[in-house]
Amino acid sequence: MTTGDLLYSDTEEALRDGVRQLFADRCPPEQVVRAYDPEPQDFSAVWRTLAAEMGVAGLLVPEALGGAGVGAREAAVVMEEIGRAVASVPFLSSAVLATVALLRSGETETVSALAGGELTATLVVPLSTAPGDRVAGVSHGADGLSGSVTSVAGAAQADVLVVPVAGADGLELHTVSRAADGVEVSPLRALDMTRPLANVRFSGVASARVGPAEGSIAEALETGAALLASEQLGVARWCFDTTLSYAKQRKQFGRLIGSYQALKHRLADLWFEVGAATAAARYAADACARGDDASVAAATAQAYCSGIAVHAAEECVQLHGGIGMTWEYPAHLYLKRAKSDQLALGTAYRHRARLAELVELGPI
Amino acid sequence: MSAGDLREQVREFLAAHDPAASDRLEFLRARFDAGLAWVHYPAGLGGQGLSRSLQPVADAEFAAAGAPTNRPERNGIGLGMAAPTILAYGSEEQKGRWLRPLWTGEEIWCQLFSEPGAGSDLASLATRAVPDGAEWVVNGQKVWTSSAHVARRALLVTRTDPDVPKHQGMTYFALDMTAPGVEVRPLRQITGEAEFNEVFLTDVRVPDANRLGPEGGGWRVATTTLNNERVAIGSQAGTPREGGIIGKVTEAWRNEPELRNPAMHDELMRLWVDAEVLRLAGERLRQQAASGQPGPEGAGMKVAFAHLAQAISGFDIELHAESGLHYDDWTMRRTEVVDLIGRGPGYRYLRARGNSIEGGTSEILRNTISERILGLPGEHRVDKDVAWKDLNR
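Peer 1: Explain the overall build of chain A here, please?
Peer 2: Within chain A one finds 11 helices and 10 strands. The C-alpha radius of gyration of chain A comes to 20 Å, within 12% of the 21 Å expected for a compact globule of 364 residues. For chain A, the spread of C-alpha atoms along the principal axes amounts to about 75 × 50 × 40 Å. Buried residues in chain A amount to 57% of all 364 residues.

Peer 1: I keep staring at the overall build of chain B and nothing clicks. Help me out?
Peer 2: Helix and strand counts for chain B come out as 11 helices and eight strands. Computed over C-alpha atoms, the radius of gyration of chain B comes to 22 Å, within 12% of the 21 Å expected from 2.2 N^0.38 for 393 residues, which places it in the range of a compact globule. Buried residues in chain B amount to 43% of all 393 residues. Here the analysis covers contacts within chain B between residues at least 6 apart in sequence; of these, 72% occur between residues at least 24 apart.

Peer 1: Please clarify how unusual backbone geometry should be interpreted in this entry.
Peer 2: Glycine aside, negative phi is the norm for most residues, and most peptide bonds take the trans geometry. All names here are of chain A. In this model, G362 is joined to P363 through a cis peptide bond whose omega is 0 degrees. One can find P363 in the segment after α11 (348–358). Positive phi, close to 55 degrees, is recorded for S151, a residue that is not glycine. Relative to the elements of secondary structure, S151 occurs in strand β3 (residues 144–153).

Peer 1: Looking at this structure, I do not really get the interface of chain B and chain A. What am I missing?
Peer 2: Quoted interface sizes are often the accessible area lost when the parts come together. The partner chain A presents 34 residues to the 33 residues of chain B that form the contact. At the level of elements, α7 (246–255), α8 (262–288), α9 (298–319) and α11 (362–373) of chain B are the ones that each hand at least two residues to the side of chain B that touches chain A.

Peer 1: Would you mind going over the nonpolar core with me for this structure?
Peer 2: Nonpolar side chains tend to gather and get buried jointly when the protein is soluble and globular. In this structure, V162, A226, A280, A284, A301, A312 and Y334 of chain A are the most contacted members of the largest nonpolar core, which totals 164 residues. In contact with A226 of chain A, not counting residues within four places along its chain, are A72, A284, A285, C288, A294, A297, A298 and A301 of chain A. Formed by 60 residues, the second largest nonpolar core is a distinct cluster that contains F13, V39, L99 and A222 of chain B.

Peer 1: Explain the packing of α9 of chain B against α11 of chain B here, please?
Peer 2: Two quantities define a packed helix pair, namely the angle between the helix axes and the distance between the axes. All names here are of chain B. The geometry of α9 relative to α11 is characterised by a closest axis approach of 9 Å and an angle of 150 degrees between their N-to-C directions. On the basis of their axis angle, the class for α9 and α11 is roughly antiparallel. Two packed elements cross with a definite hand, and for α9 against α11 that hand is left-handed. Residue-level inspection shows A299, G300, K302, V303 and A306 of α9 in contact with α11, the latter providing S362, L365, R366, T368 and I369. For the contact of α9 with α11, the class distribution of residues is five nonpolar, three polar and two charged.

Peer 1: Explanation requested: the environment of R279 of chain B in the structure shown.
Peer 2: Residue and element names in this part refer to chain B. Within the element layout of this structure, R279 appears in helix α8. Residue classification places R279 among the buried positions, given that 24 C-beta atoms sit within 10 Å. C-alpha of R279 to C-alpha of R211: the two residues are 68 residues apart in sequence and 37 Å apart in space. Residues in contact with R279, not counting those within four places in the same chain, are T239 and R241.

Peer 1: Would you take a moment to explain the confidence of the model for chain B for this structure?
Peer 2: Any residue range with low pLDDT should be treated as having predicted coordinates unsuitable for detailed reading. Scored by pLDDT, chain B comes out at a mean of 93, with 96% of its residues at no less than 70. Per the prediction output, this complex has pTM 0.92; the corresponding ipTM is 0.96.

Peer 1: Would you explain helix α3 (residues 55–64) of chain B in this entry?
Peer 2: Owing to its 3.6 residues per turn, the α-helix brings residues three or four apart onto one side. Residues and elements named next belong to chain B. Taken residue by residue, α3 has Q55, A58 and E61 as its buried positions. Down the axis of α3, the buried set is contained in an arc of 135 degrees. They therefore lie on one face. In α3, those exposed residues whose orientation departs by more than 90 degrees from the buried face are A63 and A64. The secondary structure elements touched by the buried residues of α3 are α1 (3–16). Downstream of α3 by a residue or two, G66 has a phi angle that is positive, lying close to 70 degrees.

Peer 1: In this structure, what is going on with helix α9 (residues 294–319) of chain A? I would like to understand it.
Peer 2: Residues and elements named next belong to chain A. Taking 1.5 Å as the rise per residue, α9 with 26 residues should run 38 Å; its terminal C-alpha atoms sit 36 Å apart, in good agreement. Burial within α9 is extensive, with 22 of its 26 residues counted as buried. Remark: G321 follows α9 within two positions and exhibits a positive phi of approximately 60 degrees.

Peer 1: How do you make sense of the environment of L191 of chain A when you look at a structure like this?
Peer 2: Along the chain, the position of L191 of chain A falls in the loop between β6 (183–187) and β7 (197–205). L191 of chain A gets classed as partly exposed once you count the C-beta atoms within 10 Å, which come to 13.

Peer 1: Whenever I open this one, the environment of I341 of chain B confuses me. Can you help?
Peer 2: One can find I341 of chain B in the loop between α9 and α10 (345–352). For the pair formed by I341 of chain B and E371 of chain B, sequence separation is 30 residues and the distance between their alpha carbons is 35 Å.

Peer 1: Is there a simple way to think about the packing of α9 of chain A against helix α10 (residues 331–343) of chain A in this case?
Peer 2: All names here are of chain A. Following both chains from N to C, one finds α9 and α10 inclined at 155 degrees, their axes separated by 8 Å at the closest point. If you check the angle between α9 and α10, you find them roughly antiparallel. For the element pair α9 and α10, the recorded crossing hand is left-handed. Contact with α9, carried on its side by S306, A309, V310, A313, E314, C316 and V317, involves A331, Y334, L335, A338, K339, D341 and Q342 of α10 and no other residues of that element. Here the contact of α9 with α10 is composed, by residue class, of nine nonpolar, two polar and three charged.

Reading guide: rules and limits
- Residues numbered from 1 in each chain as written.
- Chains lettered and ligands numbered in written order.
- Predicted model: local features only at pLDDT ≥ 70, side-chain atom pairs only at ≥ 80, totals over all residues.
- Helix = DSSP H or I, 4+ residues; strand = E, 2+ residues; numbered from the N terminus.
- Rg over C-alpha atoms; globule rule 2.2 N^0.38 Å.
- Buried ≥ 20, exposed ≤ 12 C-beta atoms within 10 Å, placed from the backbone.
- Contact = placed C-beta atoms within 7 Å.
- Core = buried A, V, L, I, M, F, W, Y, C linked by C-beta atoms within 7 Å.
- Axes fitted to C-alpha atoms, helices over the stretch in contact; angles between N-to-C directions.
- Parallel < 35°, antiparallel > 145°, perpendicular 65-115°, else oblique.
- Left-handed = near helix turned anticlockwise from the far one by under 90°.
- Nonpolar A, V, L, I, M, F, W, Y, C, P; charged D, E, K, R; others polar.
- pLDDT = per-residue confidence, 0-100.
- Arc of directions from axis to C-beta.
- Expected span 1.5 Å × (residues − 1).

Next comes the structure, spelled out in structure tokens:
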């Protein structure tokens, strides 16, 4: 175990600038909030630009398969910017979860199309599934796949569903076209509508078997957990930066509210937490990229960063006073993402329990 | 210079100075003179102007050869605070005179900053230094001085001009602790022992040649010392995972199954995660500041370290159940080194209370962070433009 590079390279910063600019232009907060409308805003054009034109969908895919062949450190930077903008793009569900699951199962054709942004996919598991959780899989009969999976992220945005299937010799991975007969995707009302969830039902659906799924799903979920820490970091940074600048503008009792020690000390603590979350998230991304200490790093980063994002978002609402409670001000978008991210890919409790096993401190 | 070149240089030095056959001090002095003491220091002062990140390479090579160390744990203030302050503000003559015996450990340093009436508000300090020819005459009382009873020299901040506002009228010296008029008395702490002291200064004569920085410029010099202090306290380079006091708790959890209980398991892992993330945050800070001087950022590490040490040591006592009621030793001793790991949970718990007080209270450091890093408005200061002698002290 070595503690690698916890900073950002110039290339990573350049990637960040590009993604940040795209979100600033195409999905500012007043657009993002429309994800909550009865007819939600369609952000697929933003995703197409990001995935296909900017090549971001292929960051985790080797060059030989049409990807960028860079790795988790760069994907983590994209996740930070997605968090910072609460952008509604299926990067985690398609470019991370589905892509890694297929890659590790040895699939190449769909992976190439995903890397090029021609197709979008999702891994059909509940978003709350933690790395190492048992995944049941839908059943496979003579007429194809049958069963349902609840709370799947990015299903309505996907062309391809990557489905864990209970096979005779254990869990298998299949691919299914979302447009296939017998596939029913029912969008859910979610706490965080910027990461759309849906229930997926299969009623005798034709599928293509990819291969055994046990290891590849676990690896996809672990990579997802490692990178989700960077999204949480991005959420926390926006909340901190925004709250700090508000504390420097808003006056009460004839003074800036940021001059009161009660607020200064809270902001000082939050500043440290965001810095520490940066170290944890960078370490998780770097460890994932190097394949060294990756499981411990991912669980540690999730256990830490998920709580920091929620804390930052809650402080953001509180220190903005009444404005923080309004629909018009974007703080609520971050609170909803942060709280939902706390459950995504396993709660901090779950990650601490897993960590205990990894470092030989449990189970009790 | 590459790590390989440096390794080669150390090997050549070791070939010429067999650690087993050399006198300990002679060996350390020769290592200093060869520029292998602290490689990022300038040539002639124990270093050769290399990157700070190369130091562990040299240290590892010496350790592998079984070479004697300069026992850095005995001279934390000297190495962590005095040396960078001397390097930044000392004259060439002063650097040449002080840095070598400091590094070899021949001269332990302590820090005469706080006073009974000047704690968090250090700049209000009252110890007077009055010029007398080529010397200064110092009178006053300092307190909370760790290692004063073993120190040969001290970093001393004094009031030299009472007629200007407090930050402007201070002057910084290096004090010879053996000078007539220096009296050191132990202060017994809540742990039973006496790490620190009160120091009475009565007509102590300090040569002007021992002044650091300009007359009236003491506050700036003191700030350099304090920034280094927070880095020294808040993070130890290269601490391994489960290093520090979290390692005592995990060791107990693994080795004493009868102590385990389900309700404490999640709390243990919370502390484990906080300790690991603090380790990574310290590592990241070092990567950012690989070459630069420590700034106020170290204050964040120090606040977090204190909070965590207190949480872990409190948990440690509870974890030990019945034996948590015991205490290993109440004997009054004047200690030179704080031994957190070698002592019992009760000692660690009590000693950790000091972590959020020593070297700047966590409350003051949160002000430092919010004002100097975040740019928030300063605290209301009624004394800023008032001459020191007119302050309501």
